[in-house]
Structures are given as C-alpha cells and as structure tokens.
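Chain and residue survey
Next come the chains, spelled out residue by residue.
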Amino acid sequence: MDQNQISLVQLGSMTVYDDCDKAIQLSSLWQEATAVLVFVRHFGWVICRQQVAELAGYQNDFSQKGAQLIIIGNGRVKDLNKFRQVTNYQGILLTDPIRDSYKYLKFKSGLSDIIGMTSFTQTFSAFKAGFMPGSLQGNALQLGGAIVVTPAGNIMYFFISSAAGDHPPIEELLAATG
C-alpha cells in the first residue's frame, strides 16, 4: 500500500483498546498533536520487546518535537501491562486485537514473512541484549509498521515491515515529526 491510498477517515474510525479495555478511535490520537503510531508484531516477541524498549529511550525527543509516540500491538488487553513492564515504555500503549488497522494498512501477515535472515539476526541481537521472549500475545504471523499523522490530517511517514525484525528507523520517525 502507498501512503496516498490511505484514507485517514477510514483508518481513524477504527478502534483500539487501552489497558483498562477502553475503546479509543484511532483518529483521536492525532487530533491534538502529531501521532507516531508504531505497530508491533506481537507483545511476546523478543524483537518487539527490544524495539519498544529502544523507542522508550526517545519518548522525550518525540515530546520535544510536539509529537506523541504511540505503540499498538495486536494482543489481548491483559497483555499490555506485562509488555509495559518488560520494555519500560511509559507512553501510550494500545492493542488492536482483531487487527483491523493492520489489515487496512496492509501490514504483512504470513509464515514466509516471519522466517528469514532478518528475523534470525534480529532475534539473536535481542537475546544478546538480554531480551527474553514471552508467551504468544497476539497473532504470531503478523508483521508491523508505522505511520506518522499530523493534526491537519497529513501523513508524514508510512512504513511496512518486510520481515520480522524490520523496523522503521527511529531517526526517520523523529524526522517525520517536523
């Protein structure tokens, strides 16, 4: 999918949930400030844990640029608190358990997308850095991505993971916030 094919009205009407099981429309996330939405593969995956732990270290950088860093997974609401603990991420953490937003954005999902050298090397790197996998907490075949949306309704950045462990570079996410 190309970012020009994305309807923010359609994407914005989709629902995600917070750790209190409160339904939140995606459009509400970019009403007040630029939203950096990072979609992770699943909450138990070691590479996703490492990715979000690294992003957690940049929360102030996003805030200083007037942007909100928002992590979205596809596990259960009850998985959010454990994920927050193991990543030390204190920002907005949500889940799309039926993966409507993932499907709409055409994030990849399939066995061939999660097996390969990228996945292997990133998993090894995460283990070496001390991250451990948890139980399956979401769809194991789902890949993630990212989208940056301004309050004016402009898409500043769009990224689709091509393999497990393929994440949007933090520098690109920060640059997209202006």
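Heads up: these notes are all about the structure in this document. (Residues numbered from 1 in each chain as written. Predicted model: local features only at pLDDT ≥ 70, side-chain atom pairs only at ≥ 80, totals over all residues. Heavy atoms only, no water.)

1. Quick notes on the pattern of salt bridges
Our working rule: Salt-bridge detection follows one rule: a side-chain nitrogen of Lys or Arg within 4 Å of a carboxyl oxygen of Asp or Glu. Residue burial is assigned from relative accessible area. The probe radius is 1.4 Å, only protein chains are included, and a residue is buried under 20% of its type maximum, exposed over 50%, and partly exposed in between.
In the structure shown here, the tally under the stated rule is one salt bridge. For Arg-76, the salt bridge is made with Asp-79, and the minimal N-O distance between the two is 3.0 Å. Given the relative accessible area of 43%, Arg-76 is considered partly exposed. Given the relative accessible area of 5%, Asp-79 is considered buried.

2. Some details on helix H4 (residues 80–87)
Residues lying three or four places apart along an α-helix face the same way, a consequence of the helix completing one turn every 3.6 residues. The following threshold applies: A run of DSSP states H or I qualifies as a helix once it reaches four residues; a run of E qualifies as a strand once it reaches two. Both are numbered from the N-terminal end. Taking the helix axis as origin, the arc is that swept by the directions to the C-beta atoms.
The set of residues buried in H4 consists of Leu-80, Phe-83, Arg-84 and Thr-87. Projected onto a plane normal to the axis of H4, the buried residues spread over an arc of 100 degrees and lie on a single side.

3. Description of the side chain of Ser-161
Note the following rule: The term polar contact refers here to a pair of N or O atoms within 3.5 Å; inside protein, the definition further demands a hydrogen-donor-capable atom paired with an acceptor-capable atom, and it admits residues adjacent in sequence only when both atoms are side-chain atoms. Contacts are assigned to residue pairs that have any heavy atoms within 4.5 Å of one another.
Topologically, Ser-161 is positioned in the loop between strand E7 (155–160) and helix H8 (170–176). Given a relative accessible area of 4%, Ser-161 falls into the buried group. Only 2.6 Å separates the side chain of Ser-161 from the backbone oxygen of Asp-166, close enough to count as a polar contact. The contact partners of Ser-161, leaving out residues within four places of it in the chain, are Lys-108, Leu-143, Gly-144, Gly-145 and Asp-166.

4. Some details on the pairing of strand E4 (residues 67–73)
For clarity, the cut-off: Think of it this way: DSSP has to see at least two bridges between two strands before they count as a pair.
Among the seven residues that make up E4, six are buried, leaving the element largely enclosed by the rest of the structure. One ladder, built from six bridges, connects strand E3 (residues 34–39) with E4; its direction is parallel. Within E4, the residue paired with Thr-34 across the bridge is Ala-67. Note that E4 and strand E5 (residues 92–95) share four bridges and pair parallel. In the strand pairing of E5, Ile-71 is matched with Leu-93.

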